[in-house]
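Architecture and fold: a report
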Amino acid sequence: LFVDLPLSDGVRVPLDGPQAHYLARVMRVAPGDAVILCDNRTGEWLASVVETGKRDVVLSVERQLRHREAVPDFWLCPALLKKDRFDMVLEKATELGVAAIHPVVTRRCVADKLNPDRARTIVTEAAEQCARTALPEVHEPVKLDTLLCDWPGDRLLFFADEEGGEPAAEAFAFAKFPERGEGLHKAALLVGPEGGFDDGEREAIRAIPQARPISLGPRILRGETAALAGTTLWMGLAGD
Ligand code: SAM
């Protein structure tokens, strides 16, 4: 379980709300039972149940199991998609190990907002399920031109372009290995919405010096497919 307080040996962790309900009612924990906690700062800790009440559960932290993972500095910048499809992007990107998700609003987006609490729940549950010890940041959706203006100079912006770009595997490999590429380990993948980017947006993206248009093959993929295929490719090369 991810808890929002720094963990260390002997710390008492009072849980209430959904987490207490999950432990007490679903997992039916009893005093002495072991629970694994993460604080998204130091890493993963073994804790044991001290007491369970009607609405709360108190745990006592025993020892650290794992340090917080080193997260490849990769941002996924997916255009907002219809709710269930974007939920899938949040969940799978978390499982794949991204550092941050920057949702983008483009002119052809069908959806234009994201429920932050729902997004946080999806990402946290995905991280707990795949035993990550770090939560990816999930940012507020921003308009494409806001995302692009003062784009960080040390971060490559791979732009998933179904109208033609360098094969992603080559572009990513080139960037990952300093002796061959620009040696930039910071990267981002920008993916369009159901209707794609319009010409003006495409031009604005390509005008960014760090932008690298990449192709994910000859077929037209759904936005969520392109986002997750590109992320998988990059994280595979990151070899974390
Ligand atoms: N323009 C597409 C069309 O005419 O049907 C629709 C966009 S596609 C559904 C959604 C996004 O996925 C695109 O904007 C692009 O970022 C990405 N994408 C889809 N296929 C791709 C491919 N083969 N290579 C790279 N990116 C792709």
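Residues numbered from 1 in each chain as written. Predicted model: local features only at pLDDT ≥ 70, side-chain atom pairs only at ≥ 80, totals over all residues. Heavy atoms only, no water.

Observations regarding the UniProt feature "domain: Ribosomal RNA small subunit methyltransferase E PUA-like" (unreviewed entry) in the protein chain
UniProt feature "domain: Ribosomal RNA small subunit methyltransferase E PUA-like" (unreviewed entry): in the numbering of this structure it lies at residues 15-61. Here residues 15-61 is 21% helix and 45% strand, with 13 Å between the C-alpha atoms at its ends. (UniProt positions renumbered as here; feature names shortened; annotations may be inferred. Helix = DSSP H or I, 4+ residues; strand = E, 2+ residues; numbered from the N terminus.)

Structural notes on the nonpolar core
Ranked by internal contacts, the top residues of the largest apolar core, which has 37 residues, are Phe74, Leu76, Leu90, Phe158, Leu189, Ile214 and Trp234. Those elements giving two or more residues to this core turn out to be β5 (74-78), α2 (83-96), α3 (116-129), β10 (156-160), α5 (168-176), β12 (187-191) and α7 (223-238). Ignoring sequence-local partners within four residues, the contact set of leucine 76 consists of Val89, Ala93, Val98, Ala100, Ile101, His102, Leu189, Ala227 and Thr231. Residues Leu7, Val11, Trp45 and Val49 belong to the second largest nonpolar core, which totals 18 residues. (Core = buried A, V, L, I, M, F, W, Y, C linked by side-chain atoms within 4.5 Å. Buried < 20%, exposed > 50% of the residue type's maximum accessible area, 1.4 Å probe, protein only. Contact = heavy atoms within 4.5 Å.)

Observations regarding the pattern of salt bridges
In total, this model carries 15 salt bridges according to the counting rule given. When the shortest N-O distance is used, the salt bridge between glutamate 91 and lysine 92 registers 2.8 Å. A residue is classified by how much of its surface remains accessible, and lysine 92, at 28% relative accessible area, is partly exposed. Where aspartate 161 meets arginine 202, a salt bridge forms, and the shortest distance between an N and an O atom there is 2.4 Å. Highlighted residues: aspartate 161 in the loop between β10 and β11 (166-167) and arginine 202 in helix α6 (residues 199-206), separated in sequence by 41 residues. Here aspartate 161 matches arginine 202 in class, with each residue buried. Through salt bridges with shared partners, a single ionic network connects Asp161, Glu162, Glu163, Arg202 and Arg206. (Salt bridge = Lys/Arg side-chain N within 4 Å of Asp/Glu carboxyl O.)

Some points on the site of the ligand
Around the ligand, a shell composed of 17 residues is seen, among which Ala160, Glu162, Leu216, Gly217 and Arg219 lie nearest. Within the backbone of glycine 217, an N or O atom sits 2.8 Å from a nitrogen atom of the ligand. Taken by itself the ligand offers 570 Å² of open surface, and the protein chains cover 84% of this. Among the cavities detected, the one that contains the ligand is the second largest pocket. Those elements that provide at least two residues to the shell around the ligand are β13 (211-215) and α7. Partitioned by chemical class, the residues of the shell around the ligand number eight nonpolar, five polar and four charged. (Near = heavy atom within 4 Å. Polar contact = N/O pair within 3.5 Å; in protein donor to acceptor, adjacent residues only side chain to side chain. Areas by Shrake-Rupley, 256 points an atom, 1.4 Å probe, with all protein chains shown as cover. 1 Å grid on protein atoms, 1.4 Å probe; cavity = no way out; pocket = protein on both sides within 12 Å on 5 of 7 lines; lining within 4 Å. Sits in = over half its atoms within 2 Å of the grid points. Nonpolar A, V, L, I, M, F, W, Y, C, P; charged D, E, K, R; others polar.)

Here's the deal with the packing of aromatic side chains
All chains considered together, the criterion is met by six aromatic pairs. Ring geometry for phenylalanine 159 and phenylalanine 197: centres 5.4 Å apart, planes at 70 degrees, overall edge-to-face. One end of the pair, phenylalanine 159, is in strand β10; the other, phenylalanine 197, is in the loop between β12 and α6, with 38 residues separating them in the sequence. Overall, the relative accessible area of 0% leaves phenylalanine 159 in the buried class. Here phenylalanine 197 falls in the buried class, since its relative accessible area comes to 4%. Through a chain of ring-to-ring contacts, the aromatic side chains of Phe74, Phe158, Phe172 and Trp234 assemble into a single cluster. (Phe/Tyr/Trp six-rings, centres within 6.5 Å; stacked < 30°, edge-to-face > 60°.)

Describing the sheet that holds β12
One key point about sheets: their strands pair by backbone hydrogen bonds, in either a parallel or an antiparallel sense. Within the open sheet, the seven strands sit side by side as β8-β6-β5-β12-β10-β13-β11. Their pairing is parallel. Strands at the two margins of the open sheet, each flanked by one partner only, are β8 (137-138) and β11. Bridge count for strand β6 (residues 100-101) against β8 is two bridges, and the pairing is parallel. Counterpart to isoleucine 101 in the pairing with β8 is valine 138. Along the sheet, α2 makes contact with β5, β6 and β8, crossing β5 at roughly 170 degrees. (Pairing = 2+ DSSP bridges. Axes fitted to C-alpha atoms, helices over the stretch in contact; angles between N-to-C directions.)

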